Amino acid sequence: MVRILLFPFIWCMARAAFVSRRRDEMKDYSNYVVYRFYDKFDTLQLPTTDHDVWSVNEQFTDVKLPKNVKLDAHWNYTVLIKDLNNAIRETYPMESMGDESSIFSLSDLDESFFNGYKDLKTIYLWFDYLHSTFPDLVSVQSIGRTHEGNDLKILKISNNPKENKKTIVVTGGIHAREWITVSTACYVMQQLLHNYKDHVRNVERHFLEKFNYVFIPVINPDGYSYTWETDRLWRKNRQDTYISSCKGIDIETSFNYKWSNNKVNSFPCDENYNGEHAFHAIESQLINSFLFENSPVKYHGFLDFHSYSQEILYPYTFSCDTTPNNYENLVEVSFGISKSIKQTSGKVYDVIAACKDAGSDLTPGMGAGSILDYMYHNEVQWSLQLKLRDTGNHGFLLPSKFIKPVGNEMYNAFRYYCEFLVDPELTVN
Ligand SMILES: *[C@@H]1O[C@H](CO)[C@@H](O)[C@H](O)[C@H]1NC(C)=O
Ligand SMILES: [Zn+2]
């Protein structure tokens, strides 16, 4: 019976996998490299505006630059990624996909889903598959359409949807190129469901007694599709701006808490352009109306996956001068998460204030209007951002063999987090 119901999905997934990627039409990065500059590095010193800052912290700044840019001999730097095209290629499914691996069967759908990154169409079919597999736990809903007409899909996970429990929101893919965040949100969701079903007494049952969950694994469907079809390193959404050759608004910083469009984020061609007004990005508008307009739901937790740099970030983003009311608790749960990751895989995740990561301590205006601050301001008191692997060797281009290891360490982090939220007083480190 179940098999018959699922047949159309399997057939569609096989078809989706067959759609060949037009790799030769993809944006070419053979003339670019990613550098790591040590010490506090000011990108304004660079002799070109064609630069894309991948990561900043107190020790180093990673920047994608054209190969032919002359760098000052006094700067202390190394080449982080020399062959960008090759690093990009390694994140796509095998070229030979089309033979054996494109035929999904029911038994290996769960297994094979995390062997490689998946495009939007396949992910959305997998959402439907989850609903058919766990009809009493999972509902899939579109909360609206994006600029390019894609559905923005969310999944509600609940063992009793009528009951208005405290709700935890988990999101990924707000930045299109951060593929590991999409796979990780999916992985965490799948583990939660499977463990719930597999054992009569388990911690997942306890979680679903206490909480409802909303998962939004692909907050930026237009951008995500664009990274599969045209430009692997695209970050923003695909909305038009007042400069016709520069599309896209950074969804992450287009929320209305402390939103400001100052000189660091007001130029449409920049990667952190935050629009002309708060909620200018359609996706942020849709999220806001779904979560908070006419909704009786009490949101309690928020985990937003990003990459890369292995960090756990707590509010605020817009400024380092303000400390959240439950600062001690947020730091405590963050260190607990970090510890549970270390115990799972040995990986070190640093705990820092989001303002430092955004750079708003050094450059006022950076990080204004962030989704993290917005959720926290809307009384989602357990709001965190998790920046996943790695620490720079692959940057945004984490090869697909890391999907399961990262998923695994994040699932343990998620379990720790939920246990902590059940009763912060009872959690013993
Ligand atoms: C460059 O930076 C690295 C990392 O901070 C440091 O270990 C190294 O000594 C620096 N080299 C020079 C020449 O300053
Ligand atoms: Zn990000």
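Described in the following lines is the structure provided in the data block. (Residues numbered from 1 in each chain as written. Chains lettered and ligands numbered in written order. Predicted model: local features only at pLDDT ≥ 70, side-chain atom pairs only at ≥ 80, totals over all residues. Heavy atoms only, no water.)

1. A word on the environment of I337
Looking at the secondary structure, you find I337 in helix α9 (residues 327–345). If sequence neighbours within four positions are ignored, I337 has contacts with I312, L384, L386, A413, Y416 and Y417. (Helix = DSSP H or I, 4+ residues; strand = E, 2+ residues; numbered from the N terminus. Contact = heavy atoms within 4.5 Å.)

2. A short note on the packing of aromatic side chains
A complete count under the given rule lists 40 aromatic pairs for this structure. Through successive ring pairs, a cluster of aromatic residues spans F113, F114, Y124, W126, F127 and Y187. Against the face of Y196 rests R205, its NZ or CZ located 4.3 Å from the ring centre. The ring of W234 carries the charged tip of R238 above its face, separated from the ring centre by 4.7 Å. (Phe/Tyr/Trp six-rings, centres within 6.5 Å; stacked < 30°, edge-to-face > 60°. Lys NZ or Arg CZ within 6 Å of the ring centre and 35° of its normal.)

3. Notes on the sheet that holds strand β1 (residues 32–38)
With respect to topology, 4 strands assemble into an open sheet ordered β2-β3-β1-β4, the strand pairing being antiparallel. Because the sheet does not close on itself, it has two edges, and the strands there are β2 (52–56) and β4 (77–81). Across this sheet, the average inter-strand angle for adjacent strands is 30°, counted without regard to direction. For β2 and strand β3 (residues 60–66), the ladder comprises 4 bridges, and the chain directions are antiparallel. Residue pairing across strands places S55 opposite D62, the latter belonging to β3. (Pairing = 2+ DSSP bridges. Axes fitted to C-alpha atoms, helices over the stretch in contact; angles between N-to-C directions.)

4. Let's talk about the sheet that holds strand β6 (residues 151–157)
Within the open sheet, the 8 strands sit side by side as β5-β6-β8-β7-β9-β12-β10-β11. Their pairing is mixed. In this open sheet, the two edge strands, each paired with only one partner strand, are β5 (138–145) and β11 (350–353). Averaged over neighbouring strand pairs, the angle between their axes works out to 20° when direction is ignored. With 6 bridges joining them, β5 and β6 adopt antiparallel strand pairing. Looking across to β6, one finds that V138 is bridged to I157. This element, helix α5 (residues 179–198), spans β5, β6, β8 (211–216), β9 (299–307) and β12 (382–388) of the sheet and lies at about 135° to β9. Relative to β12, α9 is tilted by about 35°, and along the sheet it contacts β10 (311–314), β11 and β12.

5. Things to note about the packing of α5 against helix α6 (residues 203–210)
It is at 7 Å that the axes of α5 and α6 come closest, and there the two elements cross at 110°. Relative to α6, α5 is oriented roughly perpendicular. In this structure, α5 uses L192, N195, Y196 and K197 to contact α6, whose residues at the interface are E204, R205, F207 and L208. Taken together, the residues that form the contact of α5 with α6 break down as 4 nonpolar, 1 polar and 3 charged. (Parallel < 35°, antiparallel > 145°, perpendicular 65-115°, else oblique. Nonpolar A, V, L, I, M, F, W, Y, C, P; charged D, E, K, R; others polar.)

6. Details of the pattern of salt bridges
Working definition: two side chains of opposite charge can pair if their charged atoms are close together. Overall, the coordinates contain 10 salt bridges when judged by the stated rule. In this structure, R415 engages E204 in a salt bridge whose closest nitrogen and oxygen atoms are separated by 3.3 Å. Here E204 lies in helix α6 and R415 lies in helix α12 (residues 403–422), a separation of 211 residues in the sequence. (Salt bridge = Lys/Arg side-chain N within 4 Å of Asp/Glu carboxyl O.)

7. Some remarks on the coordination of the zinc ion (ligand 2)
Ligation of the zinc ion (ligand 2) by protein atoms is provided by H175 (ND1), E178 (OE), E178 (OE) and H306 (ND1), these donors lying 2.0 to 2.4 Å from the ion. In this structure, the zinc ion (ligand 2) is surrounded by 4 donor atoms whose angles at the metal cover 56 to 152°, and the resulting shape is irregular. One chain supplies every donor to the zinc ion (ligand 2), and in sequence these donors are spaced H-x2-E-x127-H. Taken together, the positions of E178 in the loop between β7 (166–171) and α5 and H306 in strand β9 put the pair 128 residues apart, joining distant regions of the chain. A single burial state applies to E178 and to H306, both of which are buried. (Donors = N, O, S within 2.8 Å, 3.2 Å for Na, K, Ca; no water. Tetrahedral: all angles 85-135°; square planar, octahedral: opposite > 155°, others 65-115°. Buried < 20%, exposed > 50% of the residue type's maximum accessible area, 1.4 Å probe, protein only.)

8. Section: α9
Between its first and last C-alpha atoms α9 spans 27 Å; for 19 residues at 1.5 Å apiece the expected length is 27 Å, and the two agree. Looking at the residues trailing α9, positive phi occurs at G346, about 85°. (Expected span 1.5 Å × (residues − 1).)

9. Points about helix α7 (residues 221–229)
Count 3.6 residues to each turn of an α-helix, and residues three or four apart come out pointing the same way. With 8 of 9 residues buried, α7 lies mostly within the body of the structure. Every buried residue of α7 is accounted for by P221, D222, G223, Y224, S225, Y226, T227 and W228. In this fold, the buried residues of α7 make contact with α4 (120–133), β6, α5 and α8 (282–292).

10. Considering unusual backbone geometry
The amide bond that connects P315 to the next residue, Y316, takes the cis arrangement and shows omega of 5°. Tracing the backbone through its elements, the reader meets Y316 in the loop between β10 and α9. Note that the residue after R389, namely D390, is joined by a cis bond; omega there is 5°. Checked against the element boundaries, D390 lands in the loop between β12 and α12. Not every positive phi belongs to a glycine, and F279 is a case in point at roughly 65°. Mapping F279 onto the fold places it in the loop between α7 and α8. The phi dihedral of N294 falls on the positive side, at around 55°, and the residue is not glycine. In this fold, N294 is placed in the loop between α8 and β9.

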